[in-house]
Amino acid sequence: MLRGRDLVREVLDDDASFRLLCSLAAAAQARNGRENRRIAALVPQGRRGLAPAMARYGELQERHARLLAGLLADCGLEPAEVPPEADHAALLERRGNCPAHVRMRCGQPLSERDVLAHLAHGYAASSRAAAWLARLAGQASVRPGTGEAVREVLRAEREYLAWCREGMLGFARAGHVAAVELVLRENALAEARAHRDAALAVLARTGHLLGWSMARSVVLEGGVQARYAYERLAGRHRAVRLDPLPALPALPALPALPALTEPEPGPEAEPGTGDAATASPGA
């Protein structure tokens, strides 16, 4: 049975499965980009220093969605319909503790607690994306242009991951360490569930496209479930600590993003106001 690198190569070699994978990635980038830009406009005054870079990352994510769509066009392929059950970004939004998305759709200003939750939401999602893209980067040269696209998206995910971490450290330095750890834990666990469900849906669709045997599908699905169990019991707890990010191999230089502004401390709540945002952002 093919595993690891051979499995990835099999999926990328086939037009139908490559079309599905690329369409899923493009849809996630487009969705995340739109929402980052819209949420940036609603950031409260005390955290406005985060807004320019948040909007810039949103623009970059939308650019990557167009880049991925262009890969399909270069291969003579049309975008595939994204199955709702395989849409990781949508699943995480519904299951993650990120009220910023709800307020965004209503056009309501965000509290500082909402901003913290959005940073944790992005940190959990980008941790997974960066790890997956790093594994894919060395195997994506089977199609022209794919390796370069993967490396560009990977670099941006790493930068976004680091930026989310720095934003949460700003909250931690302001005395909200427990709140940061709580919201990180909630979003890490929600992301693990979303990843499991999306991965099972993608495996089912890919297995149908590639004609996998029932035995092979069962083994691969068992691997996804085992990974989820590991993350629940032992693995994902590592994502809830703001340890320094590991050193990563250098990638080709890309146009630099604007300098990130250190978040300013938000105004202190008046005693008795019950303002959860400043009293404890993640409570």
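You'll find the structure just up there.
Conventions adopted
- Residues numbered from 1 in each chain as written.
- Predicted model: local features only at pLDDT ≥ 70, side-chain atom pairs only at ≥ 80, totals over all residues.
- Heavy atoms only, no water.
- Helix = DSSP H or I, 4+ residues; strand = E, 2+ residues; numbered from the N terminus.
- Buried < 20%, exposed > 50% of the residue type's maximum accessible area, 1.4 Å probe, protein only.
- Axes fitted to C-alpha atoms, helices over the stretch in contact; angles between N-to-C directions.
- Parallel < 35°, antiparallel > 145°, perpendicular 65-115°, else oblique.
- Left-handed = near helix turned anticlockwise from the far one by under 90°.
- Nonpolar A, V, L, I, M, F, W, Y, C, P; charged D, E, K, R; others polar.
- Expected span 1.5 Å × (residues − 1).
- 1 Å grid on protein atoms, 1.4 Å probe; cavity = no way out; pocket = protein on both sides within 12 Å on 5 of 7 lines; lining within 4 Å.
- Points joined across faces, edges and corners; volume = space filled by probe spheres on them.
- Disulfide = S-S within 2.5 Å.
- Phe/Tyr/Trp six-rings, centres within 6.5 Å; stacked < 30°, edge-to-face > 60°.
- Contact = heavy atoms within 4.5 Å.

Draft legend 1. Molecular detail of the overall build of the protein chain. Looking only at helices and strands, one finds ten helices and zero strands in the protein chain. The order of α-helices and β-strands along the protein chain, N terminus first, is α-α-α-α-α-α-α-α-α-α. Split into buried and exposed, the 283 residues of the protein chain put 48% on the buried side.

Draft legend 2. Molecular detail of the packing of helix 2 (residues 15-40) against helix 3 (residues 51-74). Packing of helix 2 against helix 3 brings their axes to within 7 Å, and their N-to-C directions diverge by 160°. When the axis of helix 2 is compared with that of helix 3, the two are roughly antiparallel. Note that helix 2 runs across helix 3; the crossing there is left-handed. The residue inventory of the contact of helix 2 with helix 3, partitioned by class, reads 14 nonpolar, eight polar and five charged.

Draft legend 3. View of helix 8 (residues 177-210). Taking 1.5 Å as the rise per residue, helix 8 with 34 residues should run 50 Å; its terminal C-alpha atoms sit 47 Å apart, in good agreement. Trailing helix 8 by a residue or two, Gly 211 shows a phi angle of about 70°, which is positive.

Draft legend 4. Spotlight on empty space enclosed by the protein. This model, assessed by the stated rule, comprises two cavities of 30 Å³ or more. Space inside the second largest cavity adds up to approximately 40 Å³. Across the lining of the second largest cavity, the residue classes break down as four nonpolar, one polar and one charged.

Draft legend 5. Structural context of the state of the cysteines. In the structure shown here, the tally under the stated rule is zero disulfides. Unpaired in this structure, Cys 22 has its nearest cysteine sulfur neighbour in Cys 75, at a distance of 7.8 Å.

Draft legend 6. A look at the packing of aromatic side chains. Evaluated as defined, the whole model comprises three aromatic pairs. Between the aromatic rings of Tyr 57 and Trp 163, the centroid separation amounts to 5.6 Å while the plane-to-plane angle is 45°, which identifies the pairing as tilted. Here the residue Tyr 57 occupies a position in helix 3, and Trp 163 occupies one in helix 7 (residues 146-173), the gap between them amounting to 106 residues. Comparing Tyr 57 with Trp 163, the two get one shared label, buried. When the ring of Tyr 160 is compared with that of Trp 163, the centres are 5.8 Å apart and the planes differ by 20°; the resulting orientation is stacked. One end of the pair is Tyr 160 and the other is Trp 163, both in helix 7 and three residues apart, which spans about a single turn. Looking at Trp 163, the relative accessible area reads 3%, which means it is buried.

Draft legend 7. Spatial organisation of the packing of helix 3 against helix 7. Contact geometry for helix 3 and helix 7: axes closest at 11 Å, N-to-C directions at 160°. One way to sum up the angle between helix 3 and helix 7 is to call them roughly antiparallel. When you trace helix 3 past helix 7, the crossing you get is left-handed. On helix 7, the residues touching Ala 53, Met 54, Tyr 57, Leu 60, Gln 61, Arg 63, His 64, Leu 67 and Leu 71 of helix 3 are Thr 146, Ala 149, Glu 152, Val 153, Ala 156, Glu 159, Tyr 160 and Trp 163. When its residues are assigned to classes, the contact of helix 3 with helix 7 shows eleven nonpolar, three polar and three charged.

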